[in-house]
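Structural description and commentary
Now for the letters of each chain:
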Amino acid sequence: MAEAIATKPRQTTPGKSGQIVEMSWDPITRIVGSLGIFTKIDFENKKVVECHATSSIFRGYSIFMQNKDPRDTHFITSRICGICGDNHATCSVYAQNMAYGIKPPPLAEWIVNLGEAAEYMFDHCIYQDNLVGVDFCEMMVRETNPGVWEKAKVTPAPHAKDHGYRTIGEIMTALNPFEGEFYRKTLQMSRVTREMFCLMEGRHVHPSTLYPGGVGTVPSIQVFTDYLTRLMNYIEFMKAVVPLHDDLFDFFYEALPGYEQVGQRRILLGCWGSFQDPDVCDYNYRTMDEWGRAMFVTPGIIVDGELVTTNLIDINLGIRILLGSAYYEDWQDSGKTFVKHDPLGNPVDKRHPWNQTTTPKPQKRDFDGNYSWVMSPRWFDKRTGDHLALDTGGGPIARLWTTALAKLVDIGYVQATGHSVKIRLPKTSLKPEVELEWKIPKWSNAIERDRARSYFQAYAAGVALYCVEQAMKEVLAGRTQTFTPFKVPEEAISCGFHEAVRGVLSHHMVIKNRKVANYHPYPPTPWNASPRDSYGTPGPYEDAVQNTPLFEENGPDKFKGIDIMRTVRSFDPCLPCGVHMYLGNGKLLKQLHNPTAFAPLAKK
Amino acid sequence: MKTPEVLANRPPDVKEVHIIWMTSGLSCDGDTISTTGASLPSIEDVVMGNIPGLPKVHLHNPVLAYEVGDDFMKYWHMAAEGRLDPFVLVLEGSVPNENIKSEGYWAAMGTDPHTGQPITTNEWIDRLAPKALAIVCAGTCATYGGIHAMEGNPTGAMGLADYLGWEWRSKAGLPIVNVPGCPVQPDNMMETLLYLLYQVAGLAPMIPLDEQLRPTWLFGKTVHEGCDRGSYYEQADFAHEYGSPKCLVKIGCWGPVVNCNVTKRGWMDGIGGCPNVGGICIGCTMPGFPDKFMPFMDAPPGAALSTAIVGIWGGAVRKLRAITNRTVNKEPKWHHRGTHLTTGYQPKYYGNGNGRG
C-alpha cells in the first residue's frame, strides 16, 4: 500500500511569551465530512496564532458530469452532500430551468419552497442541538470550564417561562448527548421535519420527486394537511427553542467577558437568496435581478455592515475562483473560455465558474505553499478591486442580515424592517401568538452565527406557513398542474442560485451538443473552508480561528480546544461539499495530515 | 403454571458491544444522516437500552460523537489492537483503489500516532476487518461502489465485497451484510443492526442474506411489487408527464426490476418514497447503479416492449373494471323513501335456511 508522506515539522517562531504549541484535531467530529484543524497556540497569551484547515476525502464530481445528459445533473449533484443533497438538486433544477427556458407551474414552486423550508427546519434543528449543542452541554462545560458550570448552575434563565428550564445549568444538562431531554426532543423534531420534507420531495436526503420543469409530487389536499399539522407542532417548539438559545448564548457573553471575540472576523457576508416567488420568477437570466430580489430570503453581499448589492447578476459576474494554495493547474491562460459574455453582453471573467477548467496537480502538502484541495472562491468588489473572502457564517446569519438590510421581504409571517427581521408565529395549542425579532448583531462571531441559526429555524417555519397557504389556494382553485414539459437545447449556458442550509450555493452549467460541457457547483464550504488565496488572504475558518482568544480553563495537557471547536462549528462545516473535485488519473496525491497534538515546538 | 421466559429476564450472551462506524469511505455522510432519521427503532432506542434482550451498545460515529480528534480515534486504535472486543464495523462510502498510484491516498481518517502518517480508509479496513464480529455496509457506495464508482471516476472506487472478496467471513463466521440505498432507507439500516444485535445476544439464527449479501426480508421484493401505482401498470395506464399519479414506467421508472422495499415502507415512518409519491425509481439500491440506469429520465429499454404487451390486455381490463366500478359506485335500488319496502324482506321465511335472511 502506498505510503503517504508527512510534511516536515514546521519551524515555528516562538512568540514573545515563548511557548507556542502545535495542536491538531483530526478528525473534527460532529460535523459532516472530514475536516482536520491544525493550529499553533500561544498558551501564555491564551491565543491561537495560526490555523490551517484541511480535508481528506476526494471523489470527482465535476469530471463525472462531463458529457452526461444535462437532465441527470440534479440526481448526480444531490449525492455531493449527505445532509443538504436536496439543496444541490434544487439548485441544479434552477440551473436546468434556465437552460431549457422553462418556468414550472406556481404550485410546483410552492412545493419546492415547502420542501426546502423543511430542509432548513430539519438541518438547523439537528445541527444546532445534536451537534453544536454538545459544545455547550453540561458534560462539555464541566470538562472545559468548571468555573462557568458553577456559575451556570445558579444563573436563572431569563426566559424560563417560555422553555421550562429554570437555570442556565438546567439548559446545559438538557443538551447532554442522548440523555438530555432537549437533545432527545430535538432529535425527534428533526424526524418530524424530515417527514415534512418527504411529503414534498419524496425522500430525504436525496429527493426523488424533483425534476426540471416541476415536481412529481401529487398535490392532494392530504399532502398539504399532513405538512401543515406537523408544521404547527414545529412552530410551537420554536416558541421555546429561540428563547432557550438566547438565554444560553447571552449567558456566555456574561460569564466570559470578551467572548464576543471568539470566532470574530470582519463582516463580509454573502447570501444567494432562497425561496422563489412564482409570480415573479421566470428563470430568465435577463430578469434575474428582478426575480432574485423577489425571493423570500433576499440575496446580497455585505461588506463591513454595508449592503453592497442585492442584484444576482452583479453577484454572478463578481464570482472569481482563485488558486493560491490549492493543488490545481491554473486555467487562466490555457483553459477553454466557454462563456465570453453573459446573455446581457457583460464580459465574463476567465476565473468565473462558467470558464473554470479543473486540472488537478497532486503534490506534497506545504503549509507555506499549497496545502488544500479546496480552491478559493472570492467575490470581486469592483468599487475597490478587492477579492473578498466572503463567508456565509453557516448560512443563517448572512441570510437574516441581507434580508434585514434589504427590507424587501414582507409575507405576513416574516417581515424585514431595514435593521431587523420580525417573525410572527401564530397561536398554537398551548402557546399564544409570539413575535420574534432578530436584530442585526454587533459582531460576526461564533455566538452570533449560532444564535442566528435558531432564529432562522423560526424564519423558515414562517415562510413555510405562508407557502402552504399559497399552495392550498392553488389546489382549491383547481390549478393542480405541477410540471412544464421541455426539450434540452443543443447549446445553452445557465446558472442556479440558492441557499444551501449552511450558505451560498451556485451551479453553473454549459451545454453543448445536448450534453454537459462544463458544470461547476460552488457550495458554501469552499467559501468558508478555503485556504489562503493567490493574494495571501486566508479563508474564513482560518481567519476566524486565528487570533481567537481562548477561554478554556485547561492548560496544554488537558486541552480540549473548545473555543476553537465552537468557532469552527459555528460555520456548520460540511466537508463533502468542500472537496468534490477531480483528482487526476492515477497521479500521486500527497495531501496529508500531520497532527502532532501535544508536541511542543518551543525551542527557546 | 410456569412463568414463561421473557427477554427482559435473560442476560444477553454478549453483555456489551461496540459499533465502530466509519464514514470515511468515499461518501457524503448521507447514510449516517439518514440513520438518525430512523424511528423503528431509533438510534437512541438502541443506545439507551430501550429494547429488551439486547447487549449494551456503545456507538462510535464521527457525526454524533462527543469526542474530537485523538480522543475520538482512540476507539479505532483499541479495536485494531483487539482491545475493544467485540465490535461491529459499519462502513459508509465506497472503497477507493489505493493501488493505482504510487503514493498518497484518496481517503483517510486520523493519523498514526507512531509515524505521524495519515491512516487510509483501506488500511483501517485491513486492520479492523479481521477483528470485527460482523461488518455492515451502509448505503450503495459501501455495498457496490455507487455514484463515486461511476464510469470515468478517477479513484477506482468499489464496494467492500469487491475489496475484501465476496466469500469473506468474519471471525464469527458472518458474511458482509449489505444494506444498499442511496442513501440507505433509515429503518432498513436500524432494523438490520437490530437483527445483528439479536444474533450477538444469542436470540436469532444467522442473518438471512441473498447472493448480493442483502437481508432477504428487506430486499426480496421489487419496487414494483410494493408499489401502490402497480395497478395502473396492470391496466396499461401510464404517465406521460411528471406530476401524474399514474405508473411512471414510461418516463424513467425502473421499479419493475429493482430490489427495494421503499414503496412498501415509505421513507420516514411510512411517509414519502419514490414511485409511490411521484419520483421515478433510478435503481439506487442496485449493484448496477448509477450507470445502468442513466439517463435517468428516459424510459428503461425494456419498458417499451413490456408496456406494449400489457397494453392489449390491460386496456381491456381497464374498460371492464370501469363498468364494474360504475356499478359498485351505485347504492342498491331498495334505498328509497317510497311507501313500499323493496329490500326483499319476507318474515314468513325467517330462519328456514333458504338464504333470504
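Conventions we followed
- Residues numbered from 1 in each chain as written.
- Chains lettered and ligands numbered in written order.
- Predicted model: local features only at pLDDT ≥ 70, side-chain atom pairs only at ≥ 80, totals over all residues.
- Heavy atoms only, no water.
- Helix = DSSP H or I, 4+ residues; strand = E, 2+ residues; numbered from the N terminus.
- Rg over C-alpha atoms; globule rule 2.2 N^0.38 Å.
- Buried < 20%, exposed > 50% of the residue type's maximum accessible area, 1.4 Å probe, protein only.
- Contact = heavy atoms within 4.5 Å.
- Lys, Arg positive; Asp, Glu negative; His and termini not counted.
- Charge placed at Lys NZ, Arg CZ, Asp CG, Glu CD.
- 1 Å grid on protein atoms, 1.4 Å probe; cavity = no way out; pocket = protein on both sides within 12 Å on 5 of 7 lines; lining within 4 Å.
- Points joined across faces, edges and corners; volume = space filled by probe spheres on them.
- Polar contact = N/O pair within 3.5 Å; in protein donor to acceptor, adjacent residues only side chain to side chain.
- Core = buried A, V, L, I, M, F, W, Y, C linked by side-chain atoms within 4.5 Å.
- Pairing = 2+ DSSP bridges.
- Phe/Tyr/Trp six-rings, centres within 6.5 Å; stacked < 30°, edge-to-face > 60°.
- Salt bridge = Lys/Arg side-chain N within 4 Å of Asp/Glu carboxyl O.
- Arc of directions from axis to C-beta.
- Axes fitted to C-alpha atoms, helices over the stretch in contact; angles between N-to-C directions.
- Nonpolar A, V, L, I, M, F, W, Y, C, P; charged D, E, K, R; others polar.
- pLDDT = per-residue confidence, 0-100.

Thoughts on the overall build of chain B
- Along chain B, the regular secondary structure elements total 11 helices and 7 strands.
- Here chain B has a C-alpha radius of gyration of 27 Å; the compact-globule value for 357 residues is 21 Å, and the former is much larger.
- For chain B, the spread of C-alpha atoms along the principal axes amounts to about 100 × 65 × 35 Å.
- Across the 357 residues that make up chain B, the buried fraction comes to 59%.

Things to note about the overall build of chain A
- Within chain A one finds 18 helices and 20 strands.
- Scaling as 2.2 N^0.38, a compact globule of 604 residues should have a C-alpha radius of gyration of about 25 Å, and chain A matches this with 23 Å.
- Principal-axis analysis of the C-alpha atoms gives chain A an extent of 75 × 65 × 50 Å.
- Looking at chain A residue by residue over its 604 residues, the buried ones come to 71%.
- Of the contacts made within chain A by residues no fewer than 6 positions apart, 73% connect residues no fewer than 24 positions apart.
- A gap of 3 Å separates the mean positions of the 66 positive and 68 negative side-chain charges of chain A.

Some thoughts on the layout of surface pockets
- Approximately 500 Å³ is the volume found for the largest pocket.
- Lining the largest pocket are 18 residues, and of these Pro177(A), Phe178(A), Val47(B), Leu59(B) and Tyr66(B) lie nearest its centre.
- Elements with a contribution of two residues or more to the lining of the largest pocket: β2 (56-60) and α3 (69-80) of chain B.
- Ranked by the residues each element gives to the lining of the largest pocket, the list is headed by β2(B), at 5 residues.

Re the side chain of Asn554(A)
All names here are of chain A.
- When you line up the elements, asparagine 554 lands in the loop between α16 (540-545) and α17 (562-570).
- Here the side chain of asparagine 554 touches glutamate 143 through a polar contact of 3.1 Å, landing on its backbone oxygen.
- Polar side-chain contacts of asparagine 554 include one of 3.4 Å to the backbone oxygen of lysine 558.
- When near neighbours in sequence (up to four residues on either side) are disregarded, asparagine 554 contacts Glu143, Thr144, Phe559 and Lys560.

Some remarks on the nonpolar core
- With 258 residues, the main nonpolar core has Tyr227(A), Ile564(A) and Ile280(B) as its most contacted residues.
- Discounting chain neighbours no more than four positions away, the residues touching Ile280(B) are Phe75(A), Ser208(A), Tyr211(A), Tyr242(B), Leu248(B), Ile251(B), Gly252(B), Cys253(B), Phe296(B) and Met297(B).
- Phe72(B), Ile135(B), Ala142(B) and Leu213(B) belong to the second-largest nonpolar core, a separate cluster that totals 31 residues.

Digging into the environment of Tyr94(A)
Residues and elements named next belong to chain A.
- Relative to the helices and strands, tyrosine 94 is located in helix α3 (residues 85-100).
- Linking tyrosine 94 and phenylalanine 497, residues 403 residues apart in sequence, is a C-alpha distance of 7.4 Å.
- In contact with tyrosine 94, other than residues within four places in its own chain, are Glu109, Val112, Asn113, Gln276, Tyr283, Cys495, Gly496, Phe497 and His498.

Concerning the pairing of strand β12 (residues 376-381) of chain A
All names here are of chain A.
- Counted residue by residue, β12 has 5 buried out of 6 residues, so it is predominantly covered.
- In this sheet, strand β13 (residues 386-388) lies alongside β12 in antiparallel orientation, the contact comprising 3 bridges. Residue pairing in the sheet places phenylalanine 380 in a bridge with histidine 387 of β13.
- The hairpin turn running from β12 into β13, its antiparallel successor, is 4 residues long, and glycine 385 in that turn takes a positive phi close to 80°.

As for the packing of aromatic side chains
Residues and elements named next belong to chain A.
- This structure, assessed with the given rule, holds 35 aromatic pairs over all chains.
- Taking 5.6 Å as the distance between ring centres and 55° as the angle between the ring planes, the aromatic pair formed by tyrosine 283 and tryptophan 291 counts as tilted. For the pair tyrosine 283 and tryptophan 291, a shared accessibility class is recorded, and that class is buried.
- Ring-pair connections join several aromatic residues into one group, and the members of that group are Phe136, Phe249, Phe251, Phe252, Tyr259 and Phe551.

Regarding the pattern of salt bridges
All names here are of chain A.
- Enumeration according to the criterion identifies 44 salt bridges over all chains in this entry.
- The salt bridge involving arginine 502 is made with aspartate 572; its shortest N-O contact spans 2.8 Å. In this pair, arginine 502 sits in the loop between β17 (491-500) and β18 (503-512) while aspartate 572 sits in the loop between α17 and α18 (575-578), placing the two residues 70 residues apart along the sequence. For the pair arginine 502 and aspartate 572, one class covers both residues: buried.
- Residues joined in a network through salt bridges with shared partners are Asp246, Asp250, Glu448 and Arg451.

Some thoughts on helix α6 (residues 146-154) of chain A
Residues and elements named next belong to chain A.
- Among all positions in α6, only Val148, Trp149 and Ala152 are buried. Viewed along the axis of α6, the buried residues span an arc of 100°, placing them on a single side of the element.
- Of the surrounding elements, those touching the buried residues of α6 are α5 (138-144), α8 (168-174) and α10 (221-255).

Some points on the sheet that holds β17(A)
Residues and elements named next belong to chain A.
- Here 3 strands make up an open sheet; going across it, the order is β17-β18-β19 and the pairing antiparallel. A strand with exactly one partner marks an edge of an open sheet, and here the two such strands are β17 and β19 (515-522). Between one strand and the next, the sheet's axes are offset by a mean angle of 10°, whatever the strand orientation.
- Strand direction decides the pairing type here: β18 and β19, joined by 7 bridges, are antiparallel. The residue bridging serine 506 from the neighbouring strand is tyrosine 522, located in β19.
- Sheet contacts for α3: β17, β18 and β19; angle to β17, the most-contacted strand, approximately 150°.

Remarks on empty space enclosed by the protein
- Considering all chains together, one arrives at 14 cavities of 30 Å³ or more under this definition.
- Quantified by volume, the second largest cavity comes out at close to 120 Å³.
- If you go around the second largest cavity, you meet 17 residues; those closest to its centre are Arg203(A), Cys274(B), Ile280(B), Ile282(B) and Cys284(B).
- Classifying every residue of the lining of the second largest cavity gives 11 nonpolar, 4 polar and 2 charged.

Some points on the confidence of the model for chain A
All names here are of chain A.
- On average, residues of chain A score 89 in pLDDT, and 91% of them reach the 70 mark or higher.
- Throughout residues 1-17 the model reports pLDDT below 50, and contacts reaching past four residues in sequence, or to other chains, amount to 47 contacts.
- Segment residues 579-604: pLDDT under 50, and 117 contacts once partners within four positions in sequence are set aside and those in other chains are kept.

Digging into the environment of Gln470(A)
Residues and elements named next belong to chain A.
- Within the secondary structure layout, glutamine 470 lies in helix α14 (residues 446-476).
- On the basis of relative accessibility, which here comes to 14%, the residue glutamine 470 falls in the buried class.
- Separated by 64 residues in sequence, glutamine 470 and serine 534 place their C-alpha atoms 47 Å apart.

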